[in-house]
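Structural description and commentary
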Amino acid sequence: MTTSRRPLIAGNWKMNGLAASMAQLGGMIAGVDSVVPRIDLMIFPPATLVAAFASRARGSRIGIGGQDCHVQADGPFTGDLSAEMLADAGAQAVIVGHSERRVGHCETCAVVQAKVLAAWRAGLMAIVCIGETQAERAAGSTLDIIGRQIAQSLPYKAPARDLTIAYEPIWAIGSGLTPTLEEIAQVHQSIRASVVARFGGEGENMRLLYGGSVKAANAAAILHLENVDGALIGGASLAARDFLAIAATYR
Ligand code: PGA
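Each chain carries its own residue numbering, running from 1 in the written order of its sequence. Predicted model: local features are reported for residues with pLDDT of at least 70 only, side-chain atom pairs are reported and counted for 80 or more only, and whole-chain, interface and lining totals are derived from all residues. For the side-chain quantities, the full set of heavy atoms in the structure was used; hydrogens and water were omitted.

**Structural notes on the overall build of the protein**
Helix and strand assignments follow DSSP, with helices taken as H or I runs no shorter than four residues and strands as E runs no shorter than two, numbered in order from the N terminus. Per the secondary structure count, the protein includes eleven helices and eight strands. Relative to the compact-globule value of 18 Å for 251 residues, the protein shows a C-alpha radius of gyration of 17 Å, a close match. Considering only C-alpha atoms, the protein reaches an extent of 45 × 45 × 35 Å along its principal axes. Type-normalised accessible area, obtained with a 1.4 Å probe on protein chains alone, sets the label of each residue: buried when under 20%, exposed when over 50%, and partly exposed for intermediate values. Expressed as a percentage of its 251 residues, the buried residues of the protein come to 52%. Every residue pair with non-hydrogen atoms within 4.5 Å of one another is taken to be in contact. Of the contacts made within the protein by residues no fewer than 6 positions apart, 74% connect residues no fewer than 24 positions apart. Accessible areas in this description were obtained via Shrake-Rupley with a 1.4 Å probe; residue shielding takes into account the shown protein chains only. Counting every atom, the protein has about 10,900 Å² of accessible surface; 56% of that belongs to carbon and sulfur. Only four residue types enter the tally: Lys and Arg on the positive side, Asp and Glu on the negative side, with His and both chain ends excluded. In this description, the location of a charge corresponds to atom NZ of lysine, CZ of arginine, CG of aspartate or CD of glutamate. If the 21 positive side-chain charges of the protein are averaged to one point and the 21 negative ones to another, these points end up 4 Å apart. Values of the radius of gyration come from C-alpha atoms, whereas the globule rule sets the reference at 2.2 Å times the count of residues to the power 0.38.

Pasting the structure below:
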């Protein structure tokens, strides 16, 4: 079956990056010609840098997004940012439901789903993260957990162009560990089946990213698996050279 899926290489900078990090974005923009045109590239800097990065990246192939958003558009929510504010700063997308938000900020699947709707209200593409803990994997319940997170974190209807799913096993994030290629392929196949069952052709066209200790050394093998349409990269996205090396594994 042919689909319209364009691979996406996305860099999640988490709580890293100061104004001086603009040099890395500049390096990515300067070196992006080494990446084949059929790939999309995005960087998700900390909120303090979204406006400056969006302005620097304007007109380039690199899109900019936020790492989280509040459910509401505005109001008395000290310290929070709305999807509208990210869009206003030049963001094109937002990550929601990252495990560091689900675990560290007690975000439930219901909250994640509301954040997807908030992203769409502001015209942003949403990247929804899902993934199992080490204990859940050891107990053999990975596919059940993933299925439940898909069922509860995604809105009832989802256009493929506005929604990307990132499978990030929690134990693989920042640990240097990754599932085997067979395990990644199995989970992605299961996610594809779920989103096709739920959204039909939109589910067929929805991008499914893998995240968790992706680096240049393992990217080619992971990115060429069926139903892996790109990667969400933390540590290895901070330096232009590493990020571009991962993107360059696409030919
Ligand atoms: P990592 O992070 O690449 O540093 O493991 C991935 C993520 O949390 O998105």
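More follows now that the structure is in view.
**Quick word on the sheet that holds strand E2 (residues 40–44)**
Two strands pair if DSSP finds at least two bridges between them. Spatially, eight strands are ordered E1-E2-E3-E4-E5-E6-E7-E8 in a closed barrel, and the strand pairing comes out parallel. Going across the sheet, the axis of each strand differs from the next one's by a mean of 25°, ignoring polarity. Here strand E7 (residues 207–211) pairs with strand E8 (residues 230–233) via two bridges, running parallel. For Tyr-210, the partnering residue across the bridge sits in E8 and is Ala-231. What counts as an axis is a line fitted to C-alpha atoms, over the stretch in contact for a helix, and the angles between N-to-C directions run from 0 to 180 degrees. Lying on the sheet, helix H8 (residues 181–199) is in contact with strand E5 (125–130), strand E6 (163–167) and E7; it crosses E7 at an angle near 150°.

**Let's talk about the environment of Ile-145**
Looking at the element boundaries, Ile-145 is found in helix H7 (residues 142–153). Each C-alpha atom, one on Ile-145 and one on Ile-173, is 17 Å from the other, the two residues being 28 residues apart in sequence. In contact with Ile-145, not counting residues within four places along its chain, are Gly-131, Glu-132 and Glu-136.

**Things to note about the pairing of E5**
Working note: regular strand, side chains alternate between the two faces of the sheet. Burial within E5 is extensive, with six of its six residues counted as buried. Across four bridges, strand E4 (residues 93–96) lies against E5 in parallel orientation. Residue pairing for E5: Val-96 is matched across the bridge by Val-128. Strand direction decides the pairing type here: E5 and E6, joined by five bridges, are parallel.

**So, helix H2 (residues 47–57)**
Those residues of H2 that fall on the buried side of the exposure criterion are Leu-49, Val-50, Phe-53, Ala-54 and Ala-57. Seen along its axis, H2 keeps its buried residues to an arc of 140°; they face one direction. On its buried side, H2 packs onto helix H1 (22–31), E2, strand E3 (62–66) and helix H3 (83–88). Here, the arc refers to the directions that run from the helix axis to the C-beta atoms.

**With respect to the site of the ligand**
Residue proximity to a molecule or strand is established when one non-hydrogen atom of the residue lies within 4 Å of it. Surveying the vicinity of the ligand reveals 13 residues, the closest of which are Lys-14, His-98, Glu-168, Gly-174 and Ser-213. Two N or O atoms form a polar contact when they lie within 3.5 Å of each other; inside protein one atom must be a possible hydrogen donor and the other a possible acceptor, and for residues adjacent in sequence the pair counts only when both atoms belong to side chains. Separating an oxygen atom of the ligand from a side-chain N or O atom of His-98 is a distance of 2.7 Å. In the model, an oxygen atom of the ligand is placed 2.8 Å from a nitrogen or oxygen of the Gly-234 main chain. Broken down by class, the residue content of the shell around the ligand amounts to four nonpolar, seven polar and two charged. As a working rule, the residues Ala, Val, Leu, Ile, Met, Phe, Trp, Tyr, Cys and Pro are called nonpolar, Asp, Glu, Lys and Arg charged, and the rest polar, with Gly in that last group.

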